[in-house]
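Residue-level structure breakdown
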Amino acid sequence: SQTVSHVRFGPNPIRSAYLIRHAHFVGCHQFNFINKTNVLELAMPGATLLLNSPHGAAEVWDHLPKTVQTELIDKKIKFFVIDAAKVARESGMGTRTNTIMQTCFFAISGVLPRDRAIDKIKYSIKKSYMRKGEEVVRKNFEAVDNTLANLREIAVPAQATGAAALP
């Protein structure tokens, strides 16, 4: 299933009943959505795209539809990729990728300084999972550390080379 979340951050309370029309950050947690929906439609120029992809940094560009490539270029979007499923498996988390994607978001969004964000994520993990045991906490901490080691920024080429189009 697909869920679209509209999250706002700011130093003061935000009371808004409307949806975001100009996103600074777009996270696509399932790669298949990039081929089905225009996930960058609301991305503003200079936004950031975080893509969970089974394709590595060297080949991910070739797996994007031409329309996505064009928007990345035209809007000068910063592009980050991670294989969250691989990181989860290697960290002993099974198929649970929430901690990985959350870590990516805070590492690249600038909502908090990176080190402070990671400290807060680990604090939250310990608080939430300590009752399940040290091993669960350790696996989640390992997932955070492995996330940072596997998160890659992709240099967006000057030209779209994709052949596929969105349906």
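Report follows, based on the coordinates. All values reported here derive from a predicted model rather than from experimental measurement.

Two aromatic rings are characterised by how far apart their centres lie and by the angle between their planes. The final tally for this structure, using the stated rule, is 2 aromatic pairs. Considering the side-chain rings of Phe25 and Phe105, the 4.8 Å spacing of their centres and the 90 degrees angle between planes classify their relative orientation as edge-to-face. Remark: Phe105 occurs in helix H3 (residues 98-109) and Phe25 occurs in strand S1 (residues 23-28); sequence separation between them is 80 residues. Between the aromatic rings of Phe105 and Phe106, the centroid separation amounts to 4.9 Å while the plane-to-plane angle is 80 degrees, which identifies the pairing as edge-to-face. Taken individually, Phe105 and Phe106 each receive the classification buried, so the pair is uniform in this respect. Connected via pairs of aromatic rings, a cluster forms that spans Phe25, Phe105 and Phe106. Geometry around Phe141 places Lys122 over its ring, the cationic atom sitting 5.5 Å from the centre.

Turning to the sheet that holds strand S2 (residues 43-52), a few remarks are in order. The strand order across the open sheet built from 4 strands is S1-S2-S3-S4, with neighbouring strands paired in mixed fashion. Of all the strands in the sheet, the pair left with one neighbour each is S1 and strand S4 (152-154). On average, adjacent strands in this sheet sit at an angle of 25 degrees to one another, irrespective of strand direction. As judged from the 5 bridges shared by S2 and strand S3 (residues 78-82), these two strands associate in the parallel manner. Bridge pairing in S3 links Leu50 to Phe80. Of the strands in this sheet, S1, S2 and S3 touch H3, which is tilted by about 150 degrees from S2.

Now for helix H4 (residues 114-129). The end-to-end C-alpha separation of H4 is 22 Å, in line with the 22 Å expected for 16 residues at 1.5 Å each. Where H4 is concerned, the buried positions are Ala117, Ile118, Ile121 and Ile125. Buried residues of H4 fall within an arc of 100 degrees about the axis and therefore sit on the same side. Residues of H4 that are exposed and point over 90 degrees away from its buried face: Asp115, Asp119, Tyr123 and Lys127. Looking at the buried positions of H4, the neighbouring elements they touch are H3 and helix H5 (134-150).

Glancing now at the nonpolar core. Considering soluble globular proteins, one finds that nonpolar side chains tend to be buried as a cluster. Judged by nonpolar contacts, the single largest core of 23 residues is most densely connected at Leu40, Leu51, Leu64, Leu72 and Phe79. Counting residues per element, the ones that place at least two in this core are S1, S2, helix H1 (66-74) and S3. A per-element tally of this core places S2 first, with 4 residues. In contact with Leu51, not counting residues within four places along its chain, are Cys28, Phe31, Ile34, Val60, Leu64, Phe79, Phe80, Val81 and Ile82. Core analysis: the next-biggest nonpolar cluster, separate from the first, contains 14 residues, Ile82, Ala84, Ala88 and Ala143 among them.

Bringing the pairing of S2 into the picture now. With respect to burial, S2 is a largely interior element, 7 of its 10 residues being buried. Examined bridge by bridge, S1 and S2 share 5 bridges and lie parallel to one another. Residue pairing in the sheet places Phe25 in a bridge with Thr48 of S2. This β-α-β element, S2 to H1 to S3, shows right-handed connectivity.

What follows concerns the pattern of salt bridges. Scanning all chains against the criterion turns up 5 salt bridges. The closest approach of N and O atoms between Asp145 and Lys122, which form a salt bridge, is 2.8 Å. Of this pair, Asp145 sits in helix H5 while Lys122 sits in helix H4, and the two are 23 residues apart along the sequence. One network of salt bridges, with partners in common, ties together Glu135, Arg138 and Glu142.

Rules used in this analysis
- Sequence order sets the numbering: in each chain, residues are counted from 1 along the sequence as written.
- A pLDDT threshold of at least 70 governs which residues receive local features in this predicted model, and a stricter bar of 80 or more applies before side-chain atom pairs are shown or counted, although totals over entire chains, interfaces and linings include all residues.
- Neither water nor hydrogens contribute to the side-chain values; these are computed over all heavy atoms in the structure.
- For this analysis, a ring pair means two rings from Phe, Tyr or Trp (six-membered ring only for Trp) whose centres lie within 6.5 Å, classed as stacked if their planes differ by under 30 degrees, edge-to-face if by over 60, and tilted for the remaining angles.
- The secondary structure listing takes helices from DSSP runs of H or I that are at least 4 residues long and strands from runs of E that are at least 2 residues long, numbered from the N terminus.
- To sort residues, take the accessible area from a 1.4 Å probe on protein chains only and compare it with the maximum for the residue type: under 20% means buried, over 50% means exposed, and anything in between is partly exposed.
- Geometrically, a charge over a ring is one whose NZ (Lys) or CZ (Arg) sits within 6 Å of the ring centre while staying within 35 degrees of the ring normal.
- Any two strands with at least two DSSP-identified bridges between them are counted as paired.
- In this description, a line fitted to the C-alpha atoms serves as the axis of each element, helices being fitted only across the stretch in contact, and the angle between N-to-C directions of two axes falls anywhere from 0 to 180 degrees.
- Only heavy atoms matter for contacts: two residues are in contact if any of them lie within 4.5 Å across the pair.
- Here, expected helix span is obtained from the residue count minus one, scaled by 1.5 Å.
- Here, the arc refers to the directions that run from the helix axis to the C-beta atoms.
- Side-chain atoms within 4.5 Å link the members of a nonpolar core, which is a set of buried Ala, Val, Leu, Ile, Met, Phe, Trp, Tyr and Cys residues.
- Viewed with both strands pointing away, a crossover whose connecting path from the first strand over the helix to the second turns clockwise is right-handed.
- Each reported salt bridge corresponds to a side-chain nitrogen of Lys or Arg within 4 Å of a carboxyl oxygen of Asp or Glu.

No statement about biological role is implied by the geometric values presented.
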